[in-house]
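Letter by letter, the chains look like this.
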Amino acid sequence: AVSSQDSNTDWSFDLSVSLHGEEISGSPFTARMLAGPPVQAVLDESQSTLVATAGETSSLYVHTVDMQGNTATVCTETVLSTTLSSGKMVTLPQLVQCQDGVYEFQYSISTVGYYDLFLDYNGAPVDSLHSVTIQSAAISATESFAAADTSTLSRVFTSAVAGIPTEVFIHARDSFSN
């Protein structure tokens, strides 16, 4: 018997067996094909939050694949980790659950910027060309301010003279001072 399946997940098929044109007892049989042992971690871009808002909890979803690229649908004790890095700022998203072979990691970053995403599987780095963008949260009136210069060093208007236009710079900030 020959069967082919163009799929990268677990699947099953019915196998009919006959002898001299007559089906043998119990035929058709149901065969179930499972992915082999996982060898690599892969980011699920369609479910992961790759553009997040400062201070909000967001999720990354990672699944494992076998050496043929089939998706593993079981959760294992394999050491799997994620890291978000931007310069000296490093965040380690926390594993919160695994369902049907998909591992969910949560993170919350309060500093705006671009963060490189790294995956480790069994202690070995996985090539990952992904990044996460953290955008500022809603503008906060308590964190925003007016200043006498663009550097935000002076909040005193020392050069203001009656009748002469004075520049005032508004520095809009979110609750994390972004």
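Anything mentioned here points back to the structure above.
Residues numbered from 1 in each chain as written. Predicted model: local features only at pLDDT ≥ 70, side-chain atom pairs only at ≥ 80, totals over all residues. Heavy atoms only, no water.

(A) Geometry of unusual backbone geometry. The linkage connecting Ser27 with the following residue, Pro28, adopts the cis geometry, with an omega of 0 degrees. Following the sequence through the fold, Pro28 ends up in the loop between strand E3 (22-23) and strand E4 (29-33). A positive phi angle, close to 55 degrees, is found at His20, a residue other than glycine. Examined against the element boundaries, His20 turns out to sit in the loop between strand E2 (18-19) and E3. By relative accessible area, His20 is classed as exposed at 79%. The backbone of Ser177 sits at a positive phi, close to 65 degrees, despite the residue not being glycine. (Helix = DSSP H or I, 4+ residues; strand = E, 2+ residues; numbered from the N terminus. Buried < 20%, exposed > 50% of the residue type's maximum accessible area, 1.4 Å probe, protein only.)

(B) Structural context of the pairing of strand E12 (residues 113-121). Judged by which residues are buried, E12 turns out to be one-sided: Gly113, Tyr115, Leu117, Leu119 and Tyr121 face inward and are buried, whereas Tyr114, Asp116, Phe118 and Asp120, on the alternate face, are not. Here strand E8 (residues 80-86) pairs with E12 via six bridges, running antiparallel. Within the sheet, the bridge partner assigned to Leu84 lies in E12 and is Leu117. Where E12 meets strand E13 (residues 124-135), eight bridges bridge the pair, whose relative direction is antiparallel. When the bridges of E13 are listed, Tyr115 appears paired with Val132. (Pairing = 2+ DSSP bridges.)

These values are about where atoms sit, not about what they do.
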